[in-house]
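Tertiary structure, described
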There are 4 protein chains.
Amino acid sequence: MTESGRSTAGRGRIDKRSAILEAAVKVFTREGYAQAGIDAIAAVAGVAKPTVYNHFGDKENLFRIVMRDGAERTSNRIIAALASLPDDGQDLEGELERVAHRVIECQLGDEGWGLQRLLYAEAARLPDLYDQVVARGSQPVLDVLCGRLAGLANRGHLDFDDPAVAATQFIALVSGNLPGLSALGTRPVARADLDAAVRTGVDAFLRAYGTQRRRRPRRG
Amino acid sequence: MTESGRSTAGRGRIDKRSAILEAAVKVFTREGYAQAGIDAIAAVAGVAKPTVYNHFGDKENLFRIVMRDGAERTSNRIIAALASLPDDGQDLEGELERVAHRVIECQLGDEGWGLQRLLYAEAARLPDLYDQVVARGSQPVLDVLCGRLAGLANRGHLDFDDPAVAATQFIALVSGNLPGLSALGTRPVARADLDAAVRTGVDAFLRAYGTQRRRRPRRG
Amino acid sequence: MTESGRSTAGRGRIDKRSAILEAAVKVFTREGYAQAGIDAIAAVAGVAKPTVYNHFGDKENLFRIVMRDGAERTSNRIIAALASLPDDGQDLEGELERVAHRVIECQLGDEGWGLQRLLYAEAARLPDLYDQVVARGSQPVLDVLCGRLAGLANRGHLDFDDPAVAATQFIALVSGNLPGLSALGTRPVARADLDAAVRTGVDAFLRAYGTQRRRRPRRG
Amino acid sequence: MTESGRSTAGRGRIDKRSAILEAAVKVFTREGYAQAGIDAIAAVAGVAKPTVYNHFGDKENLFRIVMRDGAERTSNRIIAALASLPDDGQDLEGELERVAHRVIECQLGDEGWGLQRLLYAEAARLPDLYDQVVARGSQPVLDVLCGRLAGLANRGHLDFDDPAVAATQFIALVSGNLPGLSALGTRPVARADLDAAVRTGVDAFLRAYGTQRRRRPRRG
DNA sequence: GATGAATGAGTTTTCATTCAT
DNA sequence: TATGAATGAAAACTCATTCAT
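Residues numbered from 1 in each chain as written. Chains lettered and ligands numbered in written order. Predicted model: local features only at pLDDT ≥ 70, side-chain atom pairs only at ≥ 80, totals over all residues. Heavy atoms only, no water.

1. Remarks on the state of the cysteines
Residues and elements named next belong to chain A. Applying the stated criterion to the full structure yields zero disulfides over all chains. We note that Cys 146 lacks a disulfide partner, and the nearest cysteine sulfur, in Cys 106, lies 20 Å from it. The class for Cys 146 is buried, based on a relative accessible area of 19%. (Disulfide = S-S within 2.5 Å. Buried < 20%, exposed > 50% of the residue type's maximum accessible area, 1.4 Å probe, protein only.)

The structure is reproduced here in structure tokens:
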């Protein structure tokens, strides 16, 4: 009680600010911006309501911080996954599939979907927030992916006109039918469906832009 | 009373029910489900609040009907566009681009985006609604597209393993970076960007699955 | 459709006015004045809402008529029961019990309790209605009872100073703990409890005002 | 902050909770449950509407607490009055009249009548509340009265079979025509009428169960 | 006279936000 | 800084009542 940490009875030391942020992510993604109550967030965080206001000013600001933090966290994880994509074209198909898996897992984990739904929900009302989230979330990911693909193209393992377009298309092909499969993240996706999505996406990508004979022949 | 139903001078009798629906689409998509007030919807529709309740029971039901109707309207328009895709493979690239344009225009017109954002926003809270919207919206579109692509494949104009996968990928490639371009529908897309999206999407699709030499050569 | 009776499909001929009154009694007593909706009354009566207004003007007036009619009906029945009380003092105790039973049954039948609760509920808001109900309901009953008791006293079968007081006390003694027994009419009363109430009430009345030795001696 | 709790100059801090309860009694009894608005209660209490909800949850709960508190308060006062009834039978008639007066005053003071009307009005809708009110209100009163009367009987000052019945009948005789006299509490009762009611009630009670020669002779 | 549809006024309840400590 | 209590503003929903036919 004297110093900094009354420790909220039991949990670690994560101070109140991050407890609130954590709670806010949970409640916002579970209920949506408008339906989420500061009451509920404070309760989940184990603090009093005014404490939320002391730390974050108002609901919208708390929301913005939640969204920006989330975008950053997610994109950092994805970028880390992309970093492991080798340049040398060895087992390109397998490597792309591996990377695609990790991208999908990150972007579309439980929190990821929640944030995505929130972004859609509030994009019209908070256009600047949308920009910030893109700038910290998908844009860096695309940039890095673009770089990796360009590298592979430079070494002759891929062949396309514009690496930025290719990067976008890679993401589109690989995650394009995940919304449908997971009902926008509200239902678990069967492992097999996930694998198939990745496989068919990478397959199409390599058909379009690969320079080597495909591992699996087209017909029979 | 004489002609189409306007009467009693001031009040206007056209069709309150559809006036309300129209207003609801506008307000819901502009504000989001929770922020949209029945007050506002009634005002936009030019009716009294209880009239909304007389016709639709409650807010959630009104929302469901808005979403289902919207999904149906949109998918019907897209299907009509797909119907015009010829089977004979004549100028396949041009035809695919033409169709892609119409698909994009329909699906992502002003109302389309709004409904899509609403769907994302409320999918977690109303999972059955999500199912209905998919069943009346994207699923029929994919089915029809699948059929057309299969026809083209049968005649040798395309070559893929699974027409359903190809259909999904066609949509993904062609509309995959529209969310980014239009900021989830909150900003107008430059004609040129739209064209480029369609062109690069169709290009990639044909590189992957086309059977004829591509019109535009890969490099220079 | 031409003449007077479209007969409301099936039921007898009781025309709409009394159908509405009947329904109103049911709904008012079941729900209370404020909670009772004209909608519900109209539905129970099988008519359209404006029909209720055509017949009765407004809710309060309908309520007044329901209450007055009910008071009159009830008091008429009770008075009929009292008329059968013989003057000659033969088996006075038995006769008083018989009459008490009939009084209680009438006054506190299902509808009776409902109207009583309504009267209590709205007495403060509609004092004139209270007066009318008393004038048509309990007052005539007391008057008649007073007359019968005075007759018995004249013939030496009872002995009191003021027959009006005695009449009031007879009712009080006989029905005084019915509210408790029936939870103000919301719960069925066991036959035995009813009998006991009547017996002990008449017994006390005769102890106070009887002129003959009591049938059942005081002690053992 | 120094003394009883008033502070911060303007707002008044005395005790919002009891201010609300007091206001609720007033408004509920004046208007009835359904017609009473939380608005009005808050206004009378001098607090904001949500404060009412913070303290009591919802309207029905507030109502229940009002009723239970009222029943308890009233019965406590009556029981205190009964406690002063001496056991020794000295001036029994006068003592019974004195007690009867105090019972009537308590039970049927302004608030008492209001609560009684509310109880009648809502008994059908809230049967458990009825039970609680009886359990805290009339039942304890009857129990205590029963004990006092039994004591008097044991000492030979009264003579009846069942003290519980006698207690009920005492109340019935003494307050039986108060509803009529006061128009269910909506009109002031003349002192003389009150006295007469008590006198005739006690007189009848002693005629039925007294063991001494009555003070006032029966006839002339 | 009877009705389907419409409405103005009002209700309970919730919520983001702020005092006072 | 943290909080218990209070509040202004608004939202969903209901209802008695009335048009227009």
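2. Focus on the interface of chain B and chain A
Listed as interface residues are 42 residues of chain B and, on the opposing side, 40 residues of chain A. For the chain B and chain A pair, buried surface summed over both sides reaches about 3,500 Å², with 53% attributable to carbon and sulfur atoms. Across the contact surface, chain B and chain A share four salt bridges. With a closest N to O distance of 2.3 Å, B:Asp131 and A:Arg187 form a salt bridge. (Contact = heavy atoms within 4.5 Å. Buried area = accessible area lost by both parts, 1.4 Å probe. Salt bridge = Lys/Arg side-chain N within 4 Å of Asp/Glu carboxyl O.)

3. Some words on the protein's contact with DNA strand E
Around DNA strand E, 36 residues are found, and the nearest of them are A:Tyr53, B:Pro50, B:Thr51, C:Pro50 and C:Thr51. In the interface set of DNA strand E, defined as its atoms within 4 Å of the protein, sugar plus phosphate atoms amount to 59%. D:Ala36 is positioned with one of its backbone polar atoms (N or O) 3.0 Å from a phosphate oxygen of DNA strand E. Between a base oxygen of DNA strand E and a side-chain N or O atom of D:Lys49, the distance comes to 3.0 Å. If you list the elements that add at least two residues to the surface near DNA strand E, you get α3 (49-56) of chain A, α3 (49-56) of chain B, α3 (49-56) of chain C together with α3 (49-56) of chain D. Split by residue class, the surface near DNA strand E holds 14 nonpolar, ten polar and twelve charged. (Near = heavy atom within 4 Å. Polar contact = N/O pair within 3.5 Å; in protein donor to acceptor, adjacent residues only side chain to side chain. Helix = DSSP H or I, 4+ residues; strand = E, 2+ residues; numbered from the N terminus. Nonpolar A, V, L, I, M, F, W, Y, C, P; charged D, E, K, R; others polar.)

4. Some remarks on the UniProt feature "DNA-binding region" (unreviewed entry) in chain A
As recorded in UniProt, the sites labelled "DNA-binding region" (unreviewed entry) are residues 37-56 of chain A. With 80% helix and 0% strand, residues 37-56 of chain A has end C-alpha atoms that lie 14 Å from one another. (UniProt positions renumbered as here; feature names shortened; annotations may be inferred.)

5. Some points on the relation of the copies chain C and chain D
Superposition of chain C onto chain D requires a rotation of 180 degrees combined with a translation of 0.1 Å along the rotation axis, giving an RMSD of 0.2 Å. Such a combination of rotation and displacement between the chain copies is what one expects of a two-fold axis. When you check the interface residues of chain C against chain D, 100% turn up at the interface there too, and the contact is symmetric in its surfaces. (Least-squares fit on C-alpha atoms with pLDDT ≥ 70 in both.)

6. What to know about the protein's contact with DNA strand F
Neighbouring DNA strand F are 34 residues, the closest being A:Thr51, B:Lys49, C:Tyr53, D:Pro50 and D:Thr51. Backbone sugar and phosphate groups make up 57% of those atoms of DNA strand F lying within 4 Å of the protein. B:Ile38 places a main-chain nitrogen or oxygen 3.1 Å from a phosphate oxygen of DNA strand F. At a separation of 2.4 Å, a base nitrogen of DNA strand F approaches a polar side-chain atom of B:Lys49. Secondary-structure elements contributing two or more residues to the surface near DNA strand F are α3 of chain A, α3 of chain B, α3 of chain C together with α3 of chain D. Considering only residue class, the surface near DNA strand F consists of 14 nonpolar, nine polar and eleven charged.

7. Quick look at helix α5 (residues 92-107) of chain B
Residues and elements named next belong to chain B. Here α5 contains 16 residues, and its C-alpha end-to-end distance of 22 Å stays within 8% of the 22 Å for a straight helix at 1.5 Å per residue. Residues of α5 that are buried: Leu 92, Glu 93, Glu 95, Leu 96, Glu 97, Val 99, Ala 100, His 101, Val 103, Ile 104 and Cys 106. Next to the buried residues of α5 lie α4 (59-83), α8 (138-154), α9 (163-175), α10 (178-182) and α11 (191-209). (Expected span 1.5 Å × (residues − 1).)

8. A few points about the packing of helix α1 (residues 16-31) of chain A against helix α6 (residues 110-123) of chain A
Residues and elements named next belong to chain A. Direction vectors running N to C along α1 and α6 enclose 65 degrees, while the axes themselves pass 9 Å from each other. At the point where α1 passes α6, the crossing takes the left-handed sense. Here Val 25, Phe 28 and Thr 29 of α1 lie close against α6, whose contacting residues are Glu 111, Gly 114, Leu 115, Arg 117 and Leu 118. Tallied by class, residues from the contact of α1 with α6 come to four nonpolar, two polar and two charged. (Axes fitted to C-alpha atoms, helices over the stretch in contact; angles between N-to-C directions. Left-handed = near helix turned anticlockwise from the far one by under 90°.)

9. Some points on the interface of chain C and chain D
In this complex, chain C contributes 40 residues to the contact, which on the side of chain D involves 42 residues. Together chain C and chain D conceal approximately 3,500 Å² of surface at their shared face, both sides included; 54% is due to carbon and sulfur atoms. Joining chain C to chain D, the criterion identifies four salt bridges. Of the charged contacts, one joins D:Asp161 and C:Arg207 as a salt bridge, the two residues approaching to 3.3 Å between their closest N and O atoms. Counting across the chain C and chain D interface gives eight residue pairs in polar contact (both at pLDDT 80 or more).

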